[in-house]
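In case you want the letters, here they are:
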Amino acid sequence: MLKKIAVAVLFLMCVPAFSDDWVVCMGSFKSYDNALERLHLLSEADIPVFIAEHKKNEDETLFRVIYSDYFYTAKEALNARNRLLTQNIVKELNLFDLWCCKKSDLVLSPALQ
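The structure displayed is predicted, hence computed values, not measured ones.

1. Here's the deal with the overall build of the protein chain
Argument step 1. Scanning the protein chain from terminus to terminus reveals 4 helices and 4 strands.
Argument step 2. Going from the N terminus to the C terminus, the protein chain shows its helices and strands as α-β-α-β-β-α-α-β.
Argument step 3. Sequence-distant contacts in the protein chain: of pairs separated by 6 or more residues, those separated by 24 or more amount to 63%.
Argument step 4. Entry remark: accessible area of the protein chain is about 7,600 Å², with carbon and sulfur atoms responsible for 57%.

Shown next, in the form of structure tokens:
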């Protein structure tokens, strides 16, 4: 019995290492320059963001503006999305289409992984 408990505890300790973090996407652009413009506007309003690539298909890469915090669950990311929607800059830019996605859907630089 003690062996089963030890195995269960070990498994639960390892789960976060294999989890897939969630992020809030604040825009997706075909043009890197457009993504960079969105990044500057949000950064100037003290919303920490970065740009990551998303391979839509073999021929098309999108540049996504990502809120800098990572979330362990989709629910946490959704709560952050809802908080972001209340920010003045988000309202001014009419960013009502924020969405959550898995970090693994993005191509991040090694420093951001």
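There's more to say after this.
2. Considering the pattern of salt bridges
Pairs can form between side chains of opposite charge once their charged atoms are near each other.
Argument step 1. By the definition in use, this model includes 2 salt bridges.
Argument step 2. A salt bridge links K103 to D21; the shortest N-O distance between them is 4.0 Å. Taken together, the residues K103 in the segment after β4 (99-102) and D21 in the loop between α1 (2-14) and β1 (22-29) connect sequence positions 82 residues apart.
Argument step 3. For D21, a relative accessible area of 23% puts it in the partly exposed group.

3. A look at the sheet that holds strand β3 (residues 60-67)
Argument step 1. Strands sit in the order β2-β3-β1-β4 across an open sheet of 4 strands; the sheet is antiparallel. Looking at strand neighbours, the two that pair on one side only are β2 (49-57) and β4, the edges of this open sheet. The average undirected angle you get between the axes of adjacent strands in this sheet is 50 degrees.
Argument step 2. Contacting β1, β2 and β3, helix α2 (residues 32-44) crosses the sheet at an angle of about 150 degrees to β2.
Argument step 3. Where helix α3 (residues 74-84) meets the sheet, it contacts β1, β3 and β4, and its direction lies at approximately 50 degrees from that of β1.

4. As for the environment of C101
Argument step 1. Looking at the element boundaries, C101 is found in strand β4.
Argument step 2. Taking C-alpha positions, C101 is 8.7 Å from D21, a pair spaced 80 residues apart along the chain.
Argument step 3. Residue contacts for C101: discarding those within four places in its chain leaves D21, W22, V23, C25, R64 and L106.

5. Points about the pairing of β2
Argument step 1. Across 8 bridges, β2 lies against β3 in antiparallel orientation. What sits directly across from H54, in β3, is L62.
Argument step 2. Between β2 and β3, which pair antiparallel in sequence order, lie 2 residues.

6. Points about the nonpolar core
Argument step 1. By size, the foremost hydrophobic cluster in this structure holds 21 residues, and its most contacted members are V24, M26, L42, I47, V65, V90 and L98.
Argument step 2. Where this core is concerned, the elements lending two or more residues are β1, α2, β2, β3, α3 and α4 (88-92).
Argument step 3. When residues no more than four places from it in sequence are discounted, the contact partners of V24 are V65, I66, Y67, F71, A77, A80, R81, L84, L98, W99 and C100.
Argument step 4. Counting 7 residues, the second-largest nonpolar core is a separate cluster that includes C25, A52, C101 and L106.

What counts and how
- Residues numbered from 1 in each chain as written.
- Predicted model: local features only at pLDDT ≥ 70, side-chain atom pairs only at ≥ 80, totals over all residues.
- Heavy atoms only, no water.
- Helix = DSSP H or I, 4+ residues; strand = E, 2+ residues; numbered from the N terminus.
- Contact = heavy atoms within 4.5 Å.
- Areas by Shrake-Rupley, 256 points an atom, 1.4 Å probe, with all protein chains shown as cover.
- Salt bridge = Lys/Arg side-chain N within 4 Å of Asp/Glu carboxyl O.
- Buried < 20%, exposed > 50% of the residue type's maximum accessible area, 1.4 Å probe, protein only.
- Pairing = 2+ DSSP bridges.
- Axes fitted to C-alpha atoms, helices over the stretch in contact; angles between N-to-C directions.
- Core = buried A, V, L, I, M, F, W, Y, C linked by side-chain atoms within 4.5 Å.

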